[in-house]
Every structure is written in structure tokens, then in C-alpha cells.
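Chain by chain, the residues run as shown.
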Amino acid sequence: MAHDRFLSMFFEEAQELLQALEAGLMDLEARQDDRAHLDRTFRAAHTLKGAAGMVGLTSIAGFTHDVEAILDGIRGGGLVPGAEVISTLLEAKDYLNTAVEAQARGETTTHPARLVAKLKSIAAGTHGVEESREVPRAKPQSSAMGPSEGGQNQENPGVVDPLNAVPADEGGPAISVTVLEVDAQNPPADAVVPAPLPRTGAAADPGLVRYRIEFSPNPDLLRRGVNPLGMLDELRELGQAEITPNLDRMPPLDELTPEDLHLGWTIELATSASRDRIEEVFLFLDEPGQVVIERIETRISEPSQPKPQPQPGARGKIAAPARVRVDAEQLDALIGMAGELAVLTDTLQGLHDLEGVGPWSATLESLERVGHRLRDTTLELRMVPVEELFLRFPRVVRDLAERSGKKIAVAITGEDTRLDRTIIERLSDPMIHLIRNAVDHGLETPDERADRGKPQIGTLTISASYEGDRVAIRIEDDGCGLDRAKILKKGIAAGLLPPETTFDDPRVGGVIFEPGFSTRDEVGELSGRGVGLDVVRNAIRGLRGTVTLRSVEGKGTTFLIRLPLTLAMIDGLLVESDGDRFVVPMGQVDECVAISADDPRWSMNRRALVVRGEFVPLVSLRRAMGRDEPAPHRQELLLTRHAEHRVGVAVDRLLGRVQAVTQPLAESLGDLRRYSGATILGDGSICLILDLMTLVSEAQARHTAHVATA
Amino acid sequence: MTLAECGPLRLSILTAIAKGGTLRLDLAGSGPWDLAGLQVVLAAVKTVRGQNRTAALDRVPDVFVDLVEKAGCKDFLSGSIRGQDA
């Protein structure tokens, strides 16, 4: 149904708006003089409120109204965005997240009464918050009047720049509102300028401006799920509104199309709000819904001018790039097909060698070129800026810092670096782990930092950059660094390091990634249970990445994560075992070792091999596939790491390197965890992609079960 | 009476109008109401008044009254609203 579709669209849009709201709130204290920032933050709440109302989620719209009112007060100068106000707004944003997610599941939530009361009291200026130092506290408003609105000329509140339209790229959908400036002295022939309404007590207030608004919405508004009554309510909130329906275009009942909207309205509004603010009410009329706003009893000195079109290279606002929402599954399907096409066109290149192909040679070359470009372009569609991941972290740090009594500034760079969206989605948890680690273990309290001659405010820098064909993400703190002596002592005590390990041994730093390792003597709220960094390492390995650290005691620690640009395409080794071919991701293979049956390095009845003094247990791919035929005299050993130990996977032959576009396996195929996907080779055959980690785990589990039953 | 039900609502009112005389709509227990449903009632009242007849809305529920006020239609319908649902 159309309404379900609008609801789905709302839930998608709401997530983006809530992210924008949070990002705006995080900077509110530092940027309270930045009008554009205040407007953007306000607009996120305003758009969310309006969108919720439009799809009938009046409870969410009502709650958001209080958030919007506070933000309106801040941008109007009537409220100072101190720490308590921002914390309350962030709490409200978190609740809205929960409420929206619940609605998406078909559930409802109950607004927390304490939070609602606090929002209302802050909006009304009755909460014990800091008063504005420069602007008098906003006067308590009657129910007919909205909050005082900034944006007007403070020296001449009755004068509003007639061309001060809302820029389309300032968050939210672009509006298409026709604003006609009507000269009250010389109206156009088809305009009607009725006699001014008698002034009421409120309208006589010289601070108020009177407008006449002709609202003639398009007939399809109801079918599109837009509720014009919400707009009328919003106008009422802006001032004293007298609303008269226009029933002229209402046909007789026998001619009425009930699904069409046949109503219009004339609204006489006395308000202190700016024209901008009035126009914002109609933000959701993305068709030219014909709203005419006329200021009553005002001389307009200039006729309406068309907005100048931006010139290429002109200074000023840059138009936002057009964006299209695409279903993720459809995108993946498109990428898969583009990959197949690239493989097929590669196959066709063999035709160049045939006689008589001359006239088609150029076409074949073009086909190959276009096929590869199509594959590369569709792969590029999966790439998104890391910004959408990094923007979550300032809030995380803020909350952690509050709880631990530390002062931390967050710096983010390289946020436009692009990564595969699947990697972005799966990187959030490990990065939050590392950030918690930095706050809990790395960064000191203000007093500790002062004792060490450091600034009281610690710095956490999160950065991303390209390094060759990889992306490097760094989480760097200027805290106390690793206590190497403590790590060495704990590592030896836990049996993770040999007793003779020296202070400078390079293994000392890496031991913190071992399961169960922690230097904390007490388990804190944030961390210290020793279940953090090994999980981080495994998660990043699952993304075919690596994580390392560098630390200087007393100065700080840097965690470095290196990741492939995309998971959609892998560099792989093509291997063969008993006639079957598989692709093994290069990222899972440390090295390849050729072995023969009479190699002296064999150990334990050929169940292990000694490689450069290291005992490496073996997993036979033949045996893992249930093949009983003996292995060939010569095999290749793929050395990989599993739980910090080297393991060798024996295959019959290495056939070469491939660049493979990965395709997911259908769930209906059953439990195929040892395969991470499939790909199509150059000869058109389908080849499964092995996950060596799972293969080794399965072999270990079989061995353990065998030992248990022996 | 919402967008989903306004089609059948229109037809039943048309049938009532065709009978002549005062159009009497008993709205007791009706609801929910939205703008589409209100629009049907407005068109019905306008049609009947255009024929110099009377329209009466009996036992009007609160939800309908609220909607009428939101839409600014109180003056238009005030002459026709005869009673509110208890």
C-alpha cells in the first residue's frame, strides 16, 4: 500500500535525520554563534517532526516538537546551549532512535515522563538552566503563540528580506514554494486584496507581522499520505491564526472524488515568526503546491525577482550532489552481473586468435573495455565515505569521558576516505572497542595529566587514509601509552609469553591481543575483563584486515587498522585438490611452502611440519573434503594463522593468482560455513571461495571429537 | 471515516440525499475520522444546502469535532451540528 511505502521511506529518512541531529548537537556548544549550524541542527528536528506527522506517527511528532522548540530557542538567542541542555537533547535524540526503531517493528513506546517534563521546562525557560547572557529570556508564550523566532532583522523586526528563501542544500528536502510579493498599493489584476482584518489585542502588538496565506494544495496530497492539517497546526503554533476553508472548489457530492483533496484554506496569521519560518511549514510540498504568502498592510518596494542561477565556478553555496536511494540487494545483484559480464568478455578475447575475426576485433576490444569499466564502476557504488562511521564516535567518547571523569577532545580527519559499505558496517563495533580501550587504559584524568605536565584535555584522533590498495585507520591517543613492564609481567604469569621473554621482545606488545589478557587489576565498567582486543583482532581479520599498535610510554598509543578497499573483489590464490578447484583469499595466506612426501621436515606421522624451527600442524584439504585417496607426492602448504598459531593447509597444486568478484552463496544451499562465497573464473566455471579459518576450526573440532571418543 | 472508507460513505450519503427532505447523518460511534472523511461530509452539506435543504449532523463524536476545528470548518458546519455524542 502507498502508506506502507511512505512509512518505509520515513524510517529510512528518520535514521539520517537523527544522525544529523546528533552531529549538530555534539557541536552545539562550540558553535552557538554559527547561524548556519544552528539552522541545520534545527532543521533536522523540524524535518523529523514534520515527516513523522505526515505519516501519522503523531506521538513521535509530538515528542520531537519539544526538541524542536528548544533548538528554536537556541537559534533565536533565548536559550544558551550549555552542557545540561545538550545532554538532555542528546538523551531525547536517543529516545527518538528507540521510538522510531520500535515503530519500524510495529511496536510503540511510552515517552519517559521525566524527560518530557525536562524538555518542556527547558523550552519554556523555566528549568534551572543558564540564562542567555546577551538576549533577555524569552517571554512565556500563550498557547496561541509560537516561540520567538530568530532570523528577523533584530533592529527592524517588521522588515524581512523578501528574497531570503531557504537554500535547497541546507538539509531536508528542497522546498518548492511560490512566494509572490504583492504590492498592496498596486495589486496584479487577478489578486484580491481584501480589507485588512480588525486588529485584535495580540495582533495590535507592533512586534507582530500579519500575513495572508493562500494554501491551495494539489488534489493528490491525500493519496500521497501528506496531511495538510498538520501544516495548519504548525501555523497556529507560530502565532494567532484565523483559518478559513475554501470550499469553492468542492464539487457536489455526486461529482466528488473522495481520494482527491478538494479543500484549500486562507489563513490570516499574526506572528513574530519570519517569512522563512512560515515557508518552512510547507517544506513537504515537494510539488508546487501553490502557497501564496502575502504580508498585509506592508509596502513592498521591489517586485519579485527570479533567483539568480548559480554560475559555474561562482563563489557561494555549492549545489548538493543528486543522490538516489538504491536497495542494497539490488546493488549487490548488479555488481554480481557486472562481474560476470567482465569474466565473459575476458573469455571472448580468445576470439582474437580466430581467422576472420578482423572486422570484429575492435568491437571485442570495446566490449572488454566496457565490461571492465562497468565492473569497476559498480564496485565503486559500494564505496561510501568513512564519515558515516566516524560521526558516531564523538558521541561515544563524550559519554565515556563523562562516566570516567576525563576530558577528551576528538579530532577526525580523512572522513571522506571511501570503503566498502560492508566493511563500514562491520567496523563500528571493533572501533568502539578500541576507543573504549583508549579512554579506559590510555587517557588520563585531568589531574593525572596536569601532574605529568600535559594539557588537562586529552586528545583522541581518529583518521583514515589510503595506503596503496588499502585503507589505513588510526585511533591515536596522547595518553599514558602501554606499560610494557606490566604487560611483560602479566603475559608471563598468564603463560602467554615464555618466562625468558625480554622487555624489548616484539611479542610483548602483541600479547595484549591474546584472549583473556588484561593488565587491569580490577574490572571496570568500561573494560578490563580481557575480552576486548582479541575480539577486535578477529573482527578485523574477518574483514581481511590487520590491526597493529605502536605505543610510547608516557606519550600515547596508536592502533592501526589496515583494510582492503572492498570485500566485493578479492585477490586470491587458485588451488586444486583432488581435481576440485578453489579460490583462497590472499589475505588469509601468510606464505606458501612446497613439500614432498619424503621431506625431512615432516613430523608426527605427517600430521605436522617443522617450518623454520616452528611446529606447524597440518590440515589436509583432501581429508576436509572427505576424500580418501592418498595425496600426491608433492603438495603445496598454505600457511595461515589461527588463534595466533600457524597452521598449514595442504593442497595438491597452486594454479595461480586470480582477482575474483565474490558472489554470496544462497542460504538454501545449507551449512557451508567453510566457504565465504563463490566466483566465476575466466573459463566461465564456478569456483567456491574457501574460508581457511573455518576450515581449520572444523578440522580442530573433528580432531577433538576423535580424541574424546578414543 | 478515513480515506479507506470514504468511498462507501459517499455512496450511502448520496442514497440518503436522493430521498429528499432533510439530510440527517447520525455519527454516533463513528470513527476514526480523517480529512478525507470530513471532506465527504462537507461536500454532502454543501450539496444539500445548494438545494435549499437542511443538513443535520447528530451525535457527533469528539474526534469529529476536533477534526472540524483543525480544518477551520467550524463556522461552516456549526449550523448543521445538532448534538454531540456523550
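Residues numbered from 1 in each chain as written. Chains lettered and ligands numbered in written order. Predicted model: local features only at pLDDT ≥ 70, side-chain atom pairs only at ≥ 80, totals over all residues. Heavy atoms only, no water.

1. Thoughts on the interface of chain B and chain A
And then number 1: Contacts between the two partners involve 23 residues from chain B, matched on the other side by 24 residues from chain A.
And then number 2: Buried surface at the junction of chain B and chain A, both sides included, amounts to about 1,900 Å², of which 68% is carbon and sulfur.
And then number 3: It is Leu35, Gln39 and Lys70 of chain B that lose the most area in chain B upon contact with chain A, and together they represent 32% of the buried surface on that side.
And then number 4: Scanning the region where chain B abuts chain A turns up 1 salt bridge.
And then number 5: Residue aspartate 233 of chain A is joined to lysine 70 of chain B by a salt bridge in which the shortest nitrogen-to-oxygen separation is 2.4 Å.
And then number 6: Taken together, chain B and chain A are joined by 12 residue pairs in polar contact (both at pLDDT 80 or more).
And then number 7: Listing elements by their share of the side of chain B that touches chain A, those giving two or more residues are helix H1 (6-18), helix H2 (35-50) and helix H3 (62-70) of chain B.
And then number 8: For the side of chain B that touches chain A, the element with the most residues is H2 of chain B, which contributes 9 residues.
And then number 9: Partitioning the side of chain B that touches chain A into residue classes produces 15 nonpolar, 4 polar and 4 charged. (Contact = heavy atoms within 4.5 Å. Buried area = accessible area lost by both parts, 1.4 Å probe. Salt bridge = Lys/Arg side-chain N within 4 Å of Asp/Glu carboxyl O. Polar contact = N/O pair within 3.5 Å; in protein donor to acceptor, adjacent residues only side chain to side chain. Helix = DSSP H or I, 4+ residues; strand = E, 2+ residues; numbered from the N terminus. Nonpolar A, V, L, I, M, F, W, Y, C, P; charged D, E, K, R; others polar.)

2. Topic: unusual backbone geometry
Residue and element names in this part refer to chain B.
And then number 1: Backbone geometry at asparagine 52 places phi at a positive 60 degrees, although glycine is not the residue there.
And then number 2: Looking at asparagine 52, the relative accessible area reads 75%, which means it is exposed.
And then number 3: Non-glycine residue arginine 59 carries a positive phi angle of around 45 degrees.
And then number 4: By the secondary structure assignment, arginine 59 is in the loop between strand S2 (55-58) and H3. (Buried < 20%, exposed > 50% of the residue type's maximum accessible area, 1.4 Å probe, protein only.)

3. Some points on the pairing of strand S12 (residues 569-577) of chain A
Residues and elements named next belong to chain A.
And then number 1: Counting buried residues in S12 gives 8 out of 9 residues, a clear majority hidden from the surface.
And then number 2: Judged from the 6 bridges that link them, S12 and strand S13 (residues 580-585) form a sheet pairing that is antiparallel. Opposite valine 575, over in S13, you have phenylalanine 582 as the bridge partner.
And then number 3: Counted between consecutive antiparallel strands, the loop separating S12 from S13 contains 2 residues, among which aspartate 578 sits at a positive phi close to 50 degrees. (Pairing = 2+ DSSP bridges.)

4. A short note on the packing of aromatic side chains
And then number 1: If you walk through the whole model with that rule in mind, you get 8 aromatic pairs over all chains.
And then number 2: Ring centres of tryptophan 33 of chain B and phenylalanine 64 of chain B lie 4.7 Å apart, and the angle between their planes is 70 degrees; this geometry places the pair in the edge-to-face category. Of this pair, tryptophan 33 of chain B sits in the loop between strand S1 (23-26) and H2 while phenylalanine 64 of chain B sits in helix H3, and the two are 31 residues apart along the sequence.
And then number 3: Look at tryptophan 33 of chain B and you get buried, because its relative accessible area is 8%.
And then number 4: A relative accessible area of 0% places phenylalanine 64 of chain B in the buried class.
And then number 5: In textbook terms, an aromatic cluster arises when at least three aromatic residues are bridged by ring pairs, as seen for Phe215, Trp265 and Phe282 of chain A.
And then number 6: One Lys or Arg, arginine 484 of chain A, reaches over the ring of phenylalanine 503 of chain A and ends 5.7 Å from the middle of that ring.
And then number 7: Over the ring of phenylalanine 76 of chain B we find arginine 49 of chain B; its NZ or CZ atom is 4.7 Å from the centre of that ring. (Phe/Tyr/Trp six-rings, centres within 6.5 Å; stacked < 30°, edge-to-face > 60°. Lys NZ or Arg CZ within 6 Å of the ring centre and 35° of its normal.)

5. Let's talk about the sheet that holds strand S15 (residues 602-603) of chain A
Strand pairing in a sheet relies on backbone hydrogen bonds. The paired strands run either parallel or antiparallel.
Residue and element names in this part refer to chain A.
And then number 1: As summarised here, the arrangement of the 6 strands in space is S14-S18-S19-S17-S16-S15, forming an open sheet in which the pairing is mixed. With partners counted over all chains shown, the strands left at the sheet margins are strand S14 (591-596) and S15, one partner each.
And then number 2: The pairing of S14 with strand S18 (residues 634-642) spans 6 bridges and is classified as antiparallel. Across the sheet, residue glutamate 591 finds its bridge partner in S18, namely leucine 639.

6. Here we look at the sheet that holds strand S11 (residues 556-564) of chain A
Residue and element names in this part refer to chain A.
And then number 1: Spatial strand order, S6-S8-S9-S11-S10: 5 strands in an open sheet with mixed pairing. Two strands bound the open sheet, and with one partner strand each, they are strand S6 (408-413) and strand S10 (546-552). Averaged over all adjacent pairs, the angle separating strand axes in this sheet is 15 degrees, with direction ignored.
And then number 2: Here strand S8 (residues 458-467) runs beside strand S9 (residues 470-477); their pairing, made up of 8 bridges, is antiparallel. Paired with leucine 460 across the bridge in S9 is aspartate 477.
And then number 3: Each of S6 and S8 is contacted by helix H11 (residues 393-404), which is oriented at about 165 degrees to S6, the strand it contacts most. (Axes fitted to C-alpha atoms, helices over the stretch in contact; angles between N-to-C directions.)

7. Re the pattern of salt bridges
Residue and element names in this part refer to chain A.
And then number 1: One pass over the full model with this rule turns up 48 salt bridges over all chains.
And then number 2: Note that arginine 75 and glutamate 280 form a salt bridge whose closest N and O atoms lie 3.7 Å from each other. Taken together, the residues span a long stretch of sequence, with arginine 75 in helix H3 (residues 58-75) and glutamate 280 in helix H7 (residues 275-281) at a distance of 205 residues.
And then number 3: Notably, a salt bridge pairs glutamate 380 with arginine 418, separated by 3.8 Å at the nearest N-O pair. Taken together, the residues span a long stretch of sequence, with glutamate 380 in helix H9 (residues 358-381) and arginine 418 in strand S7 (residues 418-420) at a distance of 38 residues.

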